[in-house]
Amino acid sequence: MGTTSPRAVLALAAALVGLSAPRAAYGQPNFVVILADDVGWGDLGANWAETKETPHLDQLAAEGTRFVDFHSAASTCSPSRASLLTGRLGARNGVTHNFAVTSVGGLPLNETTLAEVLREAGYSTGAIGKWHLGHHGHHHPSFRGFDYYFGIPYSHDMGCTDTPGYNLPPCPPCPRHGAAARMARKDCYTEVALPLFENVTIVQQPVNLSSLAARYAEEAARFIRRASDSGRPFFLYLALAHMHVPLGVPPSPPTPGRGIYGAALSEMDALVGRIKRVADSLGKGNTLLWFAGDNGPWAQKCELAGRLGPFVGAWQRQRGGSSAKQTTWEGGHRVPALAYWPGRIPAKRTSHALLSTLDIFPTLVALAGATLPPNRRFDGLDVSPVLFGWSDVGHKVLLHPNSGAAGKDGEIETLRLAQYKAFYTTGGAMACDGSIGPAEHHQPPLIFNLDGDIQEQEPLDLASREYRAVLPAISRAYAHALEDIATDNVSVADYSKNPAATPCCNAQHVACRCQAAVLDRRTERRATRLCL
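The following paragraphs examine the structure supplied in this document. (Residues numbered from 1 in each chain as written. Predicted model: local features only at pLDDT ≥ 70, side-chain atom pairs only at ≥ 80, totals over all residues. Heavy atoms only, no water.)

**Side note on the pairing of strand E7 (residues 201–205)**
For step 1, the next point in the chain: Across the five residues of E7, five count as buried, placing the element largely inside the fold.
For step 2, the next point in the chain: For strand E6 (residues 196–198) and E7, the ladder comprises three bridges, and the chain directions are antiparallel. The residue bridging Glu198 from the neighbouring strand is Thr201, located in E7.
For step 3, the next point in the chain: Taking the residues between adjacent antiparallel strands as the criterion, E6 and E7 are bridged by two residues, where Asn199 takes a positive phi near 55 degrees. (Buried < 20%, exposed > 50% of the residue type's maximum accessible area, 1.4 Å probe, protein only. Helix = DSSP H or I, 4+ residues; strand = E, 2+ residues; numbered from the N terminus. Pairing = 2+ DSSP bridges.)

Printed below as a string of C-alpha cells:
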C-alpha cells in the first residue's frame, strides 16, 4: 500500500471537522419527520411528471434534496414504523407484521425509540397521527418517549366512522342503534368505532375523518409553537393518514383526472405545505424536515391507490398479483423522500444514494449530539454526509424483509447489493383484478440489474458472465447479514389478542360511541382505564 500525502491528511481532517459543524455551529437542531401512508414513488410531481397535485412537496424538493433511491424498511405499516423509530429491522426489533385492534402487545418495551433517545438529550417530543405499534398499556406512544400524542392507534380503516369516505369495497358508517345494525362486511370493521386519542384519553370515537387532516395540522402547529416558546429543541413525528384508504371526502368536487385520489393527494400536499411554513416561521432557522413514505401503494384498492412510477415489478405482474405494498419488489418499498433544512441541506439537489427510513434514527441521534442505545446492532446509517451534500454514498447492502405477500413475515429473502437486487423468494400481493402471485423460492436467487432494468422485468441469465460474477458477492453479503442478525440482541413482539385491549371510551354504547363534548371527568378517567 502507498503512503498518504500530507494534502490528503489535511483534507480528511477538514472533512471530519465538517461532520460536526452543523450541530456545533447552530446548537441542537429541531426535527420534523413526516411519514405518508401508502404513498407511491410516482405520487410526487418532482419524481413523476404526470403527477400535478403536489406543488408544495415539489417546492420542498426544489428548496432541499430529493432522494430517488430511498426505501421503507418494510412494505407494510407496523414493521415499517417500528424500524423508523428504532433503526432496526423487524428481524431484530420483533415487529414483523401488523398489530390488530385487539392486540395486547406492540413494539417490545426493551426496544429504545428515537423519541426516548432525543428526550434524554433535552428534546421536547411529540407524535401526531397514526401509531400502529401497540396501544394497550405501556405500548401506547405516551410511554414510548413522546411528551405529547394526538392521533389514532392504528390504520383508519381498522374502525368504523360516521364519515367512512372512499374505500374498495365501500364500508358502511358506524351502527347507531343496537346489535341489529352490526352487519359483518368483508374487509370492513363495523363493531368498534375508530378512536382519536390525546395523550392517553380518547377524545372522540368515532373519529370525524373529514376534519382529521385539519386537526393534525392544528395540533402539529400548536406543538411546534409550544416547543419554540419553551426554548427547547423539538422532535415532531407526524404520521399522516394520507394516502391510506379510506380516502376522505374532499371539501369540493374532485378535479378531472385522478378524481378522489388526486383530491386526497392535494389535501396531503397542502398539509405538508402548512407544516413547512410553521417550521420556517417558528423553527428559528434550525429545523430539519424529512418527508418519506411508509411503503408503496395498496394496489388492490385500484383507482384509490397511488402511482408506482417506473417501479412496476414486471416479472411479478406477468405471473399475477401486485408488485406494490406487502411485496419486496421496488414498488413495495421504494418511496418518495425529501429533506429540507435551509442553509444546511443543499437546494435543488437529487441524491442517488441508497438510503432507507432505517437511517432516520442514527442520523437524527448524531445530529442531536446524542448516543445510540448500547448492546444492540443497527441496520440504519448516519447519513448526514449525504444530507449535507458531502457524499452520495449510502448503503452497500440493504435488506428487504418479507411483508405479507410471500415467505414468513419479517424474514430476509431479498437484498440489494449496489445496483443488483437478489430474490430468494418472490410473490405478489392481491392486485386490483383480485389475482395473487404465488410464492416461489429461488435457489440460486433471481438477480436483477436495476441500472438497466428498473422495471424488474428480466432477471440475469444464470449462465451469463454477469450473473456468475456477482453471485459470490451476493451470497457472501446474504450470509453475513443473516449471521449478524442471528448473533444480535433480538426482541420478540407479543402478538397475542384480547378483546379487552380494544380502545373503547364507552362500552355501554354500540361501537363504543362517545364525543368529547359529552365526556365528563369521570367518563374521561374511565375511558383512560378502558383503553390502557
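**A word on the sheet that holds strand E15 (residues 420–426)**
For step 1, the next point in the chain: Taken together, the four strands give an open sheet; going across it, the order is E13-E14-E15-E16, and neighbouring strands pair in antiparallel fashion. Each edge of the open sheet is held by one strand with a lone partner, namely strand E13 (397–401) and strand E16 (440–449). The sheet shows a mean angle of 20 degrees between the axes of neighbouring strands, taken without regard to direction.
For step 2, the next point in the chain: Sheet analysis places strand E14 (residues 412–417) next to E15, joined by four bridges and oriented antiparallel. The partner of Leu415 across the bridge, within E15, is Ala422. (Axes fitted to C-alpha atoms, helices over the stretch in contact; angles between N-to-C directions.)

**Quick look at the state of the cysteines**
For step 1, the next point in the chain: Here the structure, examined in full by the defined rule, presents five disulfides.
For step 2, the next point in the chain: In this model Cys171 forms its disulfide with Cys188; the gap between the sulfur atoms is 2.0 Å. Here the S-S torsion is close to -85 degrees, and the disulfide linking Cys171 with Cys188 is therefore left-handed. With Cys171 in the loop between strand E5 (148–151) and E6 and Cys188 in the loop between E5 and E6, the pair connects residues that are 17 residues apart, well separated along the chain.
For step 3, the next point in the chain: Residue pairing for Cys505: its cysteine sulfur links by disulfide to Cys514, the two sulfurs lying 1.7 Å apart. Taking the sign of the S-S torsion, about -125 degrees here, the bridge from Cys505 to Cys514 comes out left-handed.
For step 4, the next point in the chain: Given the relative accessible area of 0%, Cys505 is considered buried. (Disulfide = S-S within 2.5 Å.)

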